[in-house]
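# Coordinates in review
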Amino acid sequence: MRPMTILESVLPSFLAALAGDYRVVAPQRVGGADVVYADWTDDVPVDLDFVNTVVPPKMLFFPARETLFHIEDPRHATLSAGQEAGATKPLAIFGLRSCDATGLAFLEKFFAGRGFEDDTILARIRSALTMTLACREPGADCFCVCCEAGPWLTAGFDIQFSDLGDRLLADVRTEKGEAAIAAASSLFTLATPEDLDAWSRQLTKVDATFERRSFMAAGTRRISLGRIPQEKWEHWAEDCRGCGGCCFVCPTCSCFTVTDRPSGDDAFDRERQWDACLYEGFTREASGHNPRAAKAERLKRRFFHKMSYQYIDVMGRHGCVGCGRCVATCMGGLDISTLLTRIHDECP
Ligand code: SF4
Ligand code: SF4
C-alpha cells in the first residue's frame with residue numbers, strides 16, 4: 001500500500017473507528033504525570049512527543065501479575081480458567097516506539113520458542129494491531145540506533161506513523177494495517193511527493209541527533225569470549241542494590257515466577273509474576289543451593305544473556321533494544337549502556 005497521510009486533528013476519529021474491533025491503547029499523560037500506555041478515550045489527548053514510557057508496553061501482553069487459573073479444590077484438582085476467560089477484543093496499540101516494537105517481537109520469539117508455546121501471550125501479541133510512531137528526537141538515554149531497533153523501523157509493524165507536523169505519514173505493511181486504514185479511509189489521503197521528501201529528511205536528521213552511543217560490538221565480543229576478569233564483575237556488582245528495576249523496565253526481559261495465592265477455603269489462584277535475575281532468590285533451587293548466590297554472578301549472567309553471541313544465536317539478536325530505560329532506572333550505574341562503556345574502556 002502506498003504511504004498515506006492523516007491530519008493530527010482527526011487522529012481521534014481514526015482511533016474511534018478502530019474501537020469497534022479493538023481495545024485501543026495509546027500514550028497519554030494521565031493526571032499530568034508520566035506518559036503511560038492507557039486505554040484510549042477522547043477525554044485525554046494522545047501524546048505524540050513523549051520519549052519513552054517508564055514501564056514498557058510489554059505489560060499489556062505480559063502483565064506484571066496475572067492469574068493463570070484457579071484451583072477450586074486441590075484434593076480433586078478442580079481447575080477453572082484465570083482472567084483470560086474474560087478477555088475480549090484484541091489490542092490496537094497506537095504510538096508504540098520502534099524500540100518497544102522490536103522488544104515485543106523479541107518477547108514473541110521467546111514465548112514461542114524451544115519446545116513450548118505460551119498460547120495466552122502469543123495470542124495477545126499476534127492478534128494485536130501494532131501502530132508504531134517513529135521518533136523525531138531521541139531522548140538523552142536512548143541508543144536504539146546502536147541496536148537495530150530504531151529510531152524508525154523497516155519491518156515489524158502493521159502501520160508506522162511519522163509525525164510531519166500537522167499530519168502523520170502512515171507507512172502500511174500488512175493486511176491488518178490496510179484493513180485498519182480502510183475502516184476510516186475518508187480520513188486518509190495519498191502522501192504527496194512533498195510529504196515523502198519531508199519524511200525522508202526527518203529520518204536522516206534524527207539518525208544524526210543521538211547523544212548516546214553504546215559499545216555493543218565490543219561488549220558482545222568480550223562478554224562472549226569471557227574476556228572480562230572476575231574481579232571486574234565483583235567490583236561493579238558492589239553497586240547493585242538488587243532492586244530488579246533494570247529487569248522490570250526492560251521491554252525484552254521475560255523472566256517470571258509462579259506462586260499459589262490462597263483465595264478462599266481450599267481455593268488458590270495460581271499467579272504468574274515478573275521476576276528479576278538480579279534477585280538473590282531467582283535461581284535458588286528447592287534444595288537450598290543457589291548457583292548464583294553472589295551478586296557478581298547475577299550481574300555477569302544478565303549481561304551474558306543480553307549481549308553474548310551464544311544468546312544472539314538463540315534469539316536472533318541482542319537482548320537489548322536500546323530503549324534507555326535501565327539507564328534512567330539503575331541507581332548503581334549498571335545499565336547496559338554505562339557498563340558497556342566500562343567494559344570497552346577497562347577490559348581491552
Ligand atoms: S543493576 Fe541496577 S537496576 Fe538492576 S537490580 Fe541492580 S541496582 Fe537495581
Ligand atoms: S537492557 Fe536497558 S536499554 Fe536495553 S532494552 Fe532493556 S531496559 Fe532498554
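Basis of the calculations
- Residues numbered from 1 in each chain as written.
- Chains lettered and ligands numbered in written order.
- Predicted model: local features only at pLDDT ≥ 70, side-chain atom pairs only at ≥ 80, totals over all residues.
- Helix = DSSP H or I, 4+ residues; strand = E, 2+ residues; numbered from the N terminus.
- Rg over C-alpha atoms; globule rule 2.2 N^0.38 Å.
- Buried ≥ 20, exposed ≤ 12 C-beta atoms within 10 Å, placed from the backbone.
- Contact = placed C-beta atoms within 7 Å.
- Near = placed C-beta within 6 Å.
- Nonpolar A, V, L, I, M, F, W, Y, C, P; charged D, E, K, R; others polar.
- Axes fitted to C-alpha atoms, helices over the stretch in contact; angles between N-to-C directions.
- Parallel < 35°, antiparallel > 145°, perpendicular 65-115°, else oblique.
- Left-handed = near helix turned anticlockwise from the far one by under 90°.
- Domains from an automatic or database assignment.

## Comments concerning the overall build of the chain
Check the secondary structure of the chain and you find twelve helices and twelve strands. Here the chain has a C-alpha radius of gyration of 22 Å; the compact-globule value for 348 residues is 20 Å, and the two agree. Here the C-alpha coordinates of the chain stretch approximately 65 × 60 × 40 Å along the principal axes. The buried share of the chain, taken over its 348 residues, is 36%. If you take every contact in the chain between residues at least 6 apart in sequence, the share linking residues at least 24 apart comes to 71%.

## Re the site of ligand 1
Near ligand 1, the surroundings consist of 13 residues, among which C240, C243, C246, L278 and C330 are the closest. Counted by class, the shell around ligand 1 contains seven nonpolar, five polar and one charged residues.

## Side note on helix 6 (residues 216-224)
Structural remark: α-helix, 3.6 residues per turn; residues separated by three or four positions point the same way. Among the residues of helix 6, M216, G219, T220, R222 and I223 are the ones counted as buried. Summarising the contacts, the buried residues of helix 6 are in contact with helix 9 (295-307), helix 10 (309-315) and helix 12 (336-346). Downstream of helix 6 by a residue or two, G226 has a phi angle that is positive, lying close to 65°.

## Thoughts on the site of ligand 2
Lining the immediate surroundings of ligand 2 are 14 residues, of which C250, C320, C323, R325 and C326 lie closest. Residues that form the shell around ligand 2 fall into these classes: eight nonpolar, three polar and three charged.

## Thoughts on the packing of helix 6 against helix 12
Between helix 6 and helix 12, the shortest axis-to-axis distance is 9 Å and the interhelical angle comes to 70°. Overall, the two elements helix 6 and helix 12 adopt an arrangement that is roughly perpendicular. Helix-helix and strand crossings are classified by hand; for helix 6 and helix 12 the assignment is left-handed. Across from M216, A218, G219 and R222 in helix 6, the residues of helix 12 making contact are L340, I343 and H344. Residue classes in the contact of helix 6 with helix 12 are distributed as four nonpolar, two polar and one charged.

## Observations concerning unusual backbone geometry
With an omega of 5°, the peptide bond running from G150 to P151 counts as cis. Assignment of secondary structure puts P151 in the loop between strand 7 (129-133) and strand 8 (159-163). Here the phi dihedral of E148 falls at roughly 50°; this positive angle occurs in a residue that is not glycine. The residue E148 is located in the loop between strand 7 and strand 8 in this model. Judged by local crowding, E148 falls into the partly exposed class, with 14 C-beta atoms found within 10 Å. A positive phi angle is found at D266, which is not glycine, with a value near 60°.

## Overview of the domain arrangement of the chain
Each assigned domain of the chain is listed with its residue range as follows: domain 1 (4-63 + 82-207) and domain 2 (216-252 + 277-346). With centres defined by C-alpha atoms, the gap from domain 1 to domain 2 works out at 29 Å. Contacts between domain 1 and domain 2 engage 22 residues on the former and 18 residues on the latter. Residue composition of the side of domain 1 that touches domain 2, grouped by class: twelve nonpolar, five polar and five charged.

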